[in-house]
Amino acid sequence: MQLTKEKLLIPDLSNDKLIDLYKQMWQIRLFDEKVDEFFAKGMIHGTTHLAVGQEASAAGVCALLTVEDKITSTHRGHGHCIAKGATADKMMAELFGRTTGYCKGKGGSMHIADVEMGNLGANGIVAGGIPLAVGSALTAKMKKLDYVTVCFFGDGATNEGSFHEAVNLAAIWDLPVIFVCENNQYGMSGPIKEMAKVEHIADRAGAYGIPGVVADGNDIIEMINVTDEAINRARSGKGPTLIEAKTYRWKGHSKSDAKKYRTREEEQEWRKKDPIKRYKEVLIEAGLLTEEKAEEIRLAVKQEIEDAVKFAEESPAPTLDDLLTDVYA
Ligand SMILES: Cc1ncc(C[n+]2csc(CCOP(=O)(O)OP(=O)(O)O)c2C)c(N)n1
Ligand SMILES: [Mg+2]
């Protein structure tokens, strides 16, 4: 489908779906901005990692997945959850530690899972989701099931041994898994350009004999297109692909971060590549959206997030009787 002269969208997505993706990017951004606000006020406990600025990769990659398809996520996973169908009210309740949350208030930000929607879970262990995704893909192959598994992880995770072990196994067994590295340029305070000698994380695919694709992670159309190819490859039994989404996290690594390891100028440069603004311009150019409609969508999402907060605040906290339930499988 031709979206505009410059922007060619390869898979056939309806106009409604394309608008829905715009809305979803706002859901991801406004959810995380609200969480940021509550952490600053001390209203949510524990820790959290925000994906503001990284919306295009979560939304673009999940755009083509079915409910049967699986994902594994990371410590920076709220966007992945939303893109795979989680609702803001149950997510917010989880962050507030309420019984109506996805883990009945016992998991918090880094453990949200939504197995019914194919979300096998966030993960507080860097690279911890990668072997799980490969296990999920091995299950699909052995049981001859048609689903694919998408594995999200950061640039820092590709320096962990489990990344290399898991990718190698997936490669030699031609498993239906798509590795999506969200290269937001840093692992905590460590710049990836100082932490890896390769120019692109995608170059690491060559060591395992699988395709490695560099993509503009702030361009949702490009993310959809590269994922489409990787999904087709996985579903047809040809094995995994490593996609590197070049992006940037606008906020600090975690809730307390003075960001001394990067400059304000660098941050401004990346803010100019705002994935939501860029997608809005593409949709307007294609005649699918107007400025007024875009603002209506943003305001509706803002209200949705406020409603999620109200739901969380009004939900009950666990009692002592809940202490030992759902702790072990
Ligand atoms: C195995 C392990 N080592 C270290 C940590 C501490 N830690 C939490 S997030 C993080 C950085 C991860 O960087 P990256 O994979 O690039 O993800 P990003 O935070 O940039 O999304 C580290 C080192 C951890 N949680 N798990
Ligand atoms: Mg990173």
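In this report, we go over the structure that sits alongside the text. Model, not experiment: these values are computed from the prediction.

What about the coordination of the magnesium ion (ligand 2)?
Then comes step 1: Only Asp155 (OD), Asn184 (OD1) and Tyr186 (O) from the protein coordinate the magnesium ion (ligand 2), and they sit 2.1 to 2.2 Å from it.
Then comes step 2: Read in sequence order, the donor residues coordinating the magnesium ion (ligand 2) give the pattern D-x28-N-x1-Y. Of the two residues, Asp155 sits in the loop between β2 (149-154) and α6 (161-172) while Tyr186 sits in strand β4 (residues 186-187), which places them 31 residues apart along the sequence. Side by side, Asp155 and Tyr186 carry an identical accessibility label, which is buried.

Topic: the state of the cysteines
In a disulfide, the sulfur atoms of two cysteines are covalently bonded to one another.
Then comes step 1: Enumeration over the complete set of coordinates arrives at zero disulfides.
Then comes step 2: Its sulfur unpaired, Cys62 is 9.6 Å from the next cysteine sulfur, which belongs to Cys81.
Then comes step 3: According to the relative accessible area criterion, Cys62 is buried, its value standing at 5%.
Then comes step 4: Not part of a disulfide, Cys151 finds its nearest cysteine sulfur in Cys181, a span of 9.8 Å.

A word on the pattern of salt bridges
Then comes step 1: The full count for this structure, using the stated rule, is 19 salt bridges.
Then comes step 2: Where Glu306 meets Lys34, a salt bridge forms, and the shortest distance between an N and an O atom there is 3.0 Å. In this pair, Glu306 is assigned in helix α11 (residues 291-314) and Lys34 in helix α1 (residues 15-40), connecting sequence segments 272 residues apart.
Then comes step 3: Between Glu37 and Lys41 there is a salt bridge whose closest N-O contact spans 3.2 Å.
Then comes step 4: On the accessibility criterion, Glu37 (32% relative accessible area) is partly exposed.
Then comes step 5: For Lys41, a relative accessible area of 53% corresponds to the exposed category.

Side note on the sheet that holds β2
Then comes step 1: Spatial strand order, β1-β2-β3-β7-β6: five strands in an open sheet with parallel pairing. Looking at strand neighbours, the two that pair on one side only are β1 (70-72) and β6 (212-216), the edges of this open sheet. Averaged over all pairs of adjacent strands, the angle between their axes in this sheet comes to 20°, without regard to strand direction.
Then comes step 2: Where β6 and strand β7 (residues 241-246) come together, five bridges link them in parallel fashion. The partner of Gly212 across the bridge, within β7, is Leu242.

The rules behind the values
- Residues numbered from 1 in each chain as written.
- Chains lettered and ligands numbered in written order.
- Predicted model: local features only at pLDDT ≥ 70, side-chain atom pairs only at ≥ 80, totals over all residues.
- Heavy atoms only, no water.
- Donors = N, O, S within 2.8 Å, 3.2 Å for Na, K, Ca; no water.
- Helix = DSSP H or I, 4+ residues; strand = E, 2+ residues; numbered from the N terminus.
- Buried < 20%, exposed > 50% of the residue type's maximum accessible area, 1.4 Å probe, protein only.
- Disulfide = S-S within 2.5 Å.
- Salt bridge = Lys/Arg side-chain N within 4 Å of Asp/Glu carboxyl O.
- Pairing = 2+ DSSP bridges.
- Axes fitted to C-alpha atoms, helices over the stretch in contact; angles between N-to-C directions.

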